[in-house]
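Remarks on the overall topology
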Amino acid sequence: MAHKPLETLSILIPVYNEVDNILPLFERLSAALKKTERPYEVIFIDDGSTDGTLDALIDINRKNQNIKIISFTRNFGQTAALSAGIDSCKGDIIIPMDGDLQNDPEDILLLLQKIEEGYDVVSGWRKDRKDPFLNRRLPSVIANKMISFIGGVHLHDYGCTLKAYRKDILKNIRLYGEMHRFIPIYAKWVGAHVTEVPVKHLARKAGSSKYGIGRVFKVILDLMVVKFLMSYSQKPIYVFGGMGLLMVLGAFISGGYAIYLKLLKGVSFILTPLPLLSVLLLMLGFLSILMGFLAEILTRTYYESQGKPTYHIKETIP
Ligand code: UDP
Ligand code: MG
């Protein structure tokens with residue numbers, strides 16, 4: 001059997017004010033990575049920390065190999081930090097994780113097992129999550145159900161940062177807002193095989209969580225954008241035009257009914273709201289269709305100016 005070189009790992013860790021977690025995390029991570037027997041790099045993305053996190057990272061970097069630090073000028077958020085990591089990593093398998101020790105580095109071995117089985121995306125599932133119930137676990141259960149339903153990929157825990165991706169899947173991906181959690185949906189969309197494994201989750205020992213309940217709303221709005229982009233980004237006229245046509249149809253129905261009432265029942269136009277409704281729907285319908293045309297022009301500019309293909313090739317033979 002031909003001997004394939006071992007695929008390399010890139011571990012991406014966004015950190016924002018995690019000074020007390022850095023060293024213990026790094027020690028446990030190194031131990032786990034040794035067990036994988038693969039070549040690896042660890043990329044810490046310092047997301048504008050103000051508590052000495054960067055100094056702790058630089059210290060680790062001096063004493064160890066295969067560590068890279070990307071330091072942001074200010075706090076840009078976890079998604080941006082992950083994007084920076086994805087853009088600059090070199091490994092064949094990309095594994096993001098939290099820098100607060102709530103993920104157990106040992107679980108990387110579980111993720112890798114699934115990758116070896118042939119999956120392109122393996123999502124961690126914090127089955128026994130150690131976070132407060134009311135403002136964390138409950139919204140998360142609901143959000144995960146919604147995301148699964150709308151995105152068409154059934155996972156229990158989109159919010160778990162600990163996941164593993166084959167590099168090809170993340171090529172060309174661009175992340176905005178809170179969207180790193182939707183990567184499995186994007187991946188599925190370009191034809192990836194997606195699965196999940198239960199992973200451990202530990203309570204935070206040092207530092208504090210960077211998020212509150214407000215994240216829920218951002219996630220819902222991002223979900224709407226993702227759904228729209230996923231289904232219609234190449235054909236926005238189907239959404240805008242579809243709604244426009246429905247409204248024009250509504251305009252004809254209510255207008256027609258008003259005329260029917262007037263001619264056959266002798267009911268004056270000003271006695272029903274129907275003529276007004278008809279005009280309103282007609283205007284909105286036309287505007288919506290026109291917006292669809294605009295969106296079509298934008299879409300063309302988007303794909304063509306960047307030379308982005310509208311398809312994904314697996315391989316070409318020969
Ligand atoms: N994080 C970051 N930038 C931010 C917020 C968070 O890099 O603006 C990092 C944070 O340091 C941690 C990870 O993202 O490593 C997850 O954050 P947190 O533990 O606060 O989220 P939670 O576990 O409470 O959902
Ligand atoms: Mg955390």
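Above this text is the structure in question.
Residues numbered from 1 in each chain as written. Chains lettered and ligands numbered in written order. Predicted model: local features only at pLDDT ≥ 70, side-chain atom pairs only at ≥ 80, totals over all residues. Heavy atoms only, no water.

Each aromatic ring pair is characterised by the separation of its centres together with the angle its planes make. Using the criterion set out here, one finds six aromatic pairs in the structure. Summarising the aromatic geometry, the rings of Phe 72 and Phe 76 are spaced 5.4 Å apart at their centres and angled 85° between planes, so their arrangement reads as edge-to-face. When the centroid spacing of 5.0 Å and the interplanar angle of 85° are considered together, the rings of Tyr 302 and Tyr 303 count as edge-to-face. Among the residues examined, Tyr 302 registers a relative accessible area of 40% and is labelled partly exposed. Aromatic ring contacts, followed pair by pair, group Phe 228, Tyr 232 and Phe 240 into a single cluster. Its guanidinium or amino end placed over the ring of Phe 269, Lys 262 lies 5.8 Å from that ring's centre, counting from NZ or CZ. (Phe/Tyr/Trp six-rings, centres within 6.5 Å; stacked < 30°, edge-to-face > 60°. Buried < 20%, exposed > 50% of the residue type's maximum accessible area, 1.4 Å probe, protein only. Lys NZ or Arg CZ within 6 Å of the ring centre and 35° of its normal.)

This part is about the coordination of the magnesium ion (ligand 2). Every protein donor of the magnesium ion (ligand 2) is listed here as Asp 100 (OD) and Gln 102 (OE1), and their distances to the metal cover 1.9 Å. By the burial criterion, Asp 100 is buried, and Gln 102 matches it. (Donors = N, O, S within 2.8 Å, 3.2 Å for Na, K, Ca; no water.)

Glancing now at the nonpolar core. Membership of the largest hydrophobic core comes to 33 residues, with the highest contact counts inside it found for Leu 12, Ile 45, Val 121, Ile 147, Leu 170, Phe 182 and Ile 185. Of all the elements in the fold, those that place two or more residues in this core are strand 2 (40-46), helix 3 (78-88), helix 6 (167-170), helix 7 (183-189) and helix 8 (215-232). Once residues lying within four places of it in the same chain are set aside, the contact partners of Val 121 are Ala 164, Tyr 165, Ile 169, Pro 184, Ala 187, Ala 192, His 193, Val 194 and Thr 195. Counting 28 residues, the second largest nonpolar core, distinct from the first, contains Leu 9, Leu 101, Leu 111 and Ala 164. (Core = buried A, V, L, I, M, F, W, Y, C linked by side-chain atoms within 4.5 Å. Helix = DSSP H or I, 4+ residues; strand = E, 2+ residues; numbered from the N terminus. Contact = heavy atoms within 4.5 Å.)

As a further point, take the environment of Ile 93. Here Ile 93 is to be found in strand 4 (residues 93-96). Taking the C-alpha atoms as reference points, Ile 93 and Gly 191, 98 residues apart in sequence, are found 17 Å from one another.

Another aspect to go through is the side chain of Arg 129. Among the structural elements, Arg 129 can be located in the loop between strand 5 (121-126) and helix 5 (133-151). Of the polar contacts made by the side chain of Arg 129, one reaches the side chain of Asp 131; its length is 2.9 Å. A distance of 3.2 Å separates the side chain of Arg 129 from the side chain of Ser 140, its partner in a polar contact. Once residues within four sequence positions are removed from consideration, Arg 129 is found in contact with Arg 136, Arg 137, Ser 140 and His 201. (Polar contact = N/O pair within 3.5 Å; in protein donor to acceptor, adjacent residues only side chain to side chain.)

Taken together, 18 residues form the shell around ligand 1, and within it Glu 18, Asp 47, Asp 100, Ser 209 and Lys 210 come nearest. Pro 14 is positioned with one of its backbone polar atoms (N or O) 2.9 Å from an oxygen atom of ligand 1. Separating an oxygen atom of ligand 1 from a backbone N or O atom of Lys 210 is a distance of 2.6 Å. Alone, ligand 1 offers 530 Å² of accessible surface; in the complex the protein occludes 95% of this. (Near = heavy atom within 4 Å. Areas by Shrake-Rupley, 256 points an atom, 1.4 Å probe, with all protein chains shown as cover.)

Turning our eyes to something else, we now look at the pattern of salt bridges. When charged atoms on two side chains of opposite charge get close, those side chains can pair. Per the stated rule, a full pass over the model turns up 18 salt bridges. Glu 296 is the salt-bridge partner of Arg 300, the closest N and O atoms lying 2.6 Å from each other. Of this pair, Arg 300 and Glu 296 both sit in helix 10 (residues 274-305), four residues apart, roughly one helical turn. A residue is classified by how much of its surface remains accessible, and Arg 300, at 41% relative accessible area, is partly exposed. Through salt bridges with shared partners, a single ionic network connects Glu 18, Asp 100, Arg 204 and Lys 210. (Salt bridge = Lys/Arg side-chain N within 4 Å of Asp/Glu carboxyl O.)

Among the seven residues of strand 2, six are classified as buried, and the element is accordingly described as predominantly covered. Examined bridge by bridge, strand 1 (residues 9-15) and strand 2 share seven bridges and lie parallel to one another. When the sheet's bridge partners are listed, Leu 12 is paired in strand 2 with Ile 43. Note that strand 2 and strand 3 (residues 67-71) share five bridges and pair parallel. The residue bridging Val 42 from the neighbouring strand is Ile 67, located in strand 3. Between the parallel elements strand 2 and strand 3, the chain passes through helix 2 (residues 53-63) in a crossover that is right-handed. (Pairing = 2+ DSSP bridges. Right-handed = clockwise from strand over helix to strand, strands pointing away.)

The next point concerns the sheet that holds strand 7 (residues 194-199). Taking strand neighbours across the sheet as the criterion, the seven strands line up as 3-2-1-4-6-5-7 in an open arrangement whose pairing is mixed. Of all the strands in the sheet, just strand 3 and strand 7 have a single pairing partner and so form its edges. Adjacent strand axes in the sheet meet at a mean angle of 20°, parallel and antiparallel pairs treated alike. Both strand 4 and strand 6 (residues 163-166) contribute to a ladder of two bridges, which runs antiparallel. Residue pairing in the sheet places Ile 94 in a bridge with Tyr 165 of strand 6. The strands touched by helix 2 within the sheet are strand 1, strand 2 and strand 3, with strand 3 carrying the most contacts at an inclination of about 155°. Across the sheet, helix 4 (residues 108-117) touches strand 1, strand 4, strand 5, strand 6 and strand 7, and the angle it forms with strand 4 is around 145°. (Axes fitted to C-alpha atoms, helices over the stretch in contact; angles between N-to-C directions.)

Below, the discussion takes up unusual backbone geometry. Here the bond from Ile 317 into Pro 318 is cis, since omega is -10°, no more than 30 degrees from zero. For Pro 318, the position within the fold is in the segment after helix 10. Residue Glu 37 is not a glycine yet carries a positive backbone phi of 55°. With respect to the helices and strands, Glu 37 occurs in the loop between helix 1 (19-36) and strand 2. Taking the relative accessible area as the measure of exposure, Glu 37 reaches 66% and is therefore exposed. Even without glycine at this site, Leu 101 takes up a positive phi of about 65°.

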